[in-house]
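# Examination of the molecular architecture
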Amino acid sequence: MEITEMTPRQDNYQLVAEWQQHRESYMLWPMRPDNWREGGKPAQRVFAEIAKQISQFEDITVFANKAQYLNALSSFKGSRVRVMELSYNDAFFRDVGPAFLKNGDSIRAIDWEFNAWGGLFDGLYFPWDQDNLVARKVCDLNRIDYYHNDFVLEGCGYVTDGQGTLILTEESILSEGRNGIVDRDDVDDILKNYLNVKKIIWLERGYYMDETNGDIDNMVRFVKPGEVVLTWTDDKNDPQYEISHEAFETLTKATDANGNQLKIHKIQIPSPMYASEDESEGVDPINGLLPRYPGDRLVASYVNFYLLNGAVIVPTFNDEQDEVAINKFQELFPERTIVPIYCRELLLGGGNIHSIVASIPK
């Protein structure tokens, strides 16, 4: 049921941190041949592996459309993964799903607008109408009351410590294709009222060549209150160098909602990765989706990990930096099992682990 009279701040519902216990995780089955190469088959294998790993730690539901339902069902035969039918346009659940908030043991959600990361101005596909319905469908499925706001915002566009602090990028949140020309102070007010946060830390830019206009989750993530991981490179010839150092300066000077300075853990990126000619040719050039060209740089970030009950799924890229990142996450989350999964296929579709899965808090 949609709530129309009040805001989450007025009702004392607050955005929760991702490390809180989950009731369930959700994913959308990839199937677009104009985004996922070879009809989505390679991506489906990676999605299936991720879902099966999640199912070892918490409940997981994978939604598939009518045409793909039986295929998805057969992919999870004998596993604990639940498959349900749902209409949608593409497979980035975190961006199209609801944002969940809590007040004590009570859960509500926010249904933001979604326009494929920029609408007809600089969005990535059209139409996006079914994606824009996913959040309210998930709320109705779980009988969760939700607030609606006409502001365009994706789940990958912000990160929180669950204690009133939000980090995001101007490049993404203020992009013209999402909400037109907007004033940052006005956006501050919207986010503070609907996510019920006290402090917003604005970075200027996100990961280099991120086609979402630089959503934050490839750049910075909270690992606990007062601590973040930051995508990093020491290679001065890499365009990411300037972006990461700029973000480091901003974060070093910032304080969280409790007035504490942030502890910053630098996570080196792998060697630059690029789409091959075979990978590019496997994508159907239809429906106006952003073309996949040979030589496109892939947005490979270890910071795009997924926290679940008792574990951390960490993306790997068959790079010598993989082991360093795995060891760092084990140091940061000593009580959790680290689950590495090879994710090049997700990068080819413009995403990574964190962007394709999200959870309802317990």
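Since the structure is predicted, the reported quantities are computational estimates derived from the model, not experimental observations.

Our focus in this paragraph is helix H9 (residues 184-194). Inspection of H9 places Val187, Asp188, Leu191 and Tyr194 among the buried residues, and these make up the whole buried set. The buried side chains of H9 occupy one side of the element, clustering within an arc of 155° when seen end-on. Looking at where H9 begins, the residue whose side-chain oxygen comes 3.0 Å from the main-chain nitrogen of aspartate 185 is aspartate 183.

Below, the discussion takes up the packing of aromatic side chains. Tallied over the entire structure, the rule returns 15 aromatic pairs. On the basis of an interplanar angle of 85° and a centroid distance of 5.1 Å, the ring pair of phenylalanine 114 and tryptophan 117 is categorised as edge-to-face. With respect to burial, phenylalanine 114 and tryptophan 117 carry one shared label: buried. Feature note: the residues Trp36, Phe47, Phe92, Phe114, Trp117 and Tyr125 constitute an aromatic cluster, connected by ring pairs. A cation over an aromatic ring shows up here: arginine 32 above the ring of tyrosine 125, its NZ or CZ 4.6 Å from the ring centre.

Bringing the pairing of strand S10 (residues 165-169) into the picture now. S10 sits mainly inside the fold: five of its five residues count as buried. Side chains Thr165, Ile167 and Thr169 project from S10 onto one buried face, and the interleaved Leu166 and Leu168 project onto a second face that is buried too. Taken together, the two bridges between strand S9 (residues 159-160) and S10 define a ladder with antiparallel strand orientation. Its bridge partner being in S10, valine 159 is matched across the sheet by isoleucine 167. Taking the residues that link successive antiparallel strands as the turn, the S9-S10 hairpin has four residues, and the phi of glycine 162 there is positive, at about 75°.

Turning next to the pattern of salt bridges. All chains considered together, the criterion is met by 20 salt bridges. One salt bridge connects glutamate 24 with arginine 82, and the closest N-O pair in it is separated by 3.2 Å. Of this pair, glutamate 24 sits in strand S3 (residues 22-28) while arginine 82 sits in strand S5 (residues 82-85); the two residues are 58 residues apart in sequence, bridging distant segments of the chain. Since its relative accessible area comes to 39%, arginine 82 is described here as partly exposed.

This brings us to the environment of tyrosine 302. By the secondary structure assignment, tyrosine 302 is in the loop between helix H11 (277-281) and strand S15 (306-308). Note on tyrosine 302: relative accessible area 1%, which makes it buried. Residues tyrosine 302 and glutamine 268, 34 residues apart in the sequence, show an inter-C-alpha distance of 8.1 Å. In this structure, tyrosine 302 is in contact with Ile267, Gln268, Ile269, Pro270, Pro315, Thr316, Phe317, Asp319, Gln321, Asp322, Ala325 and Phe329, ignoring residues within four places of it in sequence. At 2.5 Å, the side chain of tyrosine 302 forms a polar contact with the side chain of aspartate 322.

Let us look at the side chain of aspartate 238. Its location among the elements puts aspartate 238 in the loop between strand S13 (227-232) and helix H10 (239-253). Residue class for aspartate 238 comes out buried when judged on its relative accessible area of 5%.

Parameters and conventions
- Residues numbered from 1 in each chain as written.
- Predicted model: local features only at pLDDT ≥ 70, side-chain atom pairs only at ≥ 80, totals over all residues.
- Heavy atoms only, no water.
- Buried < 20%, exposed > 50% of the residue type's maximum accessible area, 1.4 Å probe, protein only.
- Helix = DSSP H or I, 4+ residues; strand = E, 2+ residues; numbered from the N terminus.
- Arc of directions from axis to C-beta.
- Polar contact = N/O pair within 3.5 Å; in protein donor to acceptor, adjacent residues only side chain to side chain.
- Phe/Tyr/Trp six-rings, centres within 6.5 Å; stacked < 30°, edge-to-face > 60°.
- Lys NZ or Arg CZ within 6 Å of the ring centre and 35° of its normal.
- Pairing = 2+ DSSP bridges.
- Salt bridge = Lys/Arg side-chain N within 4 Å of Asp/Glu carboxyl O.
- Contact = heavy atoms within 4.5 Å.

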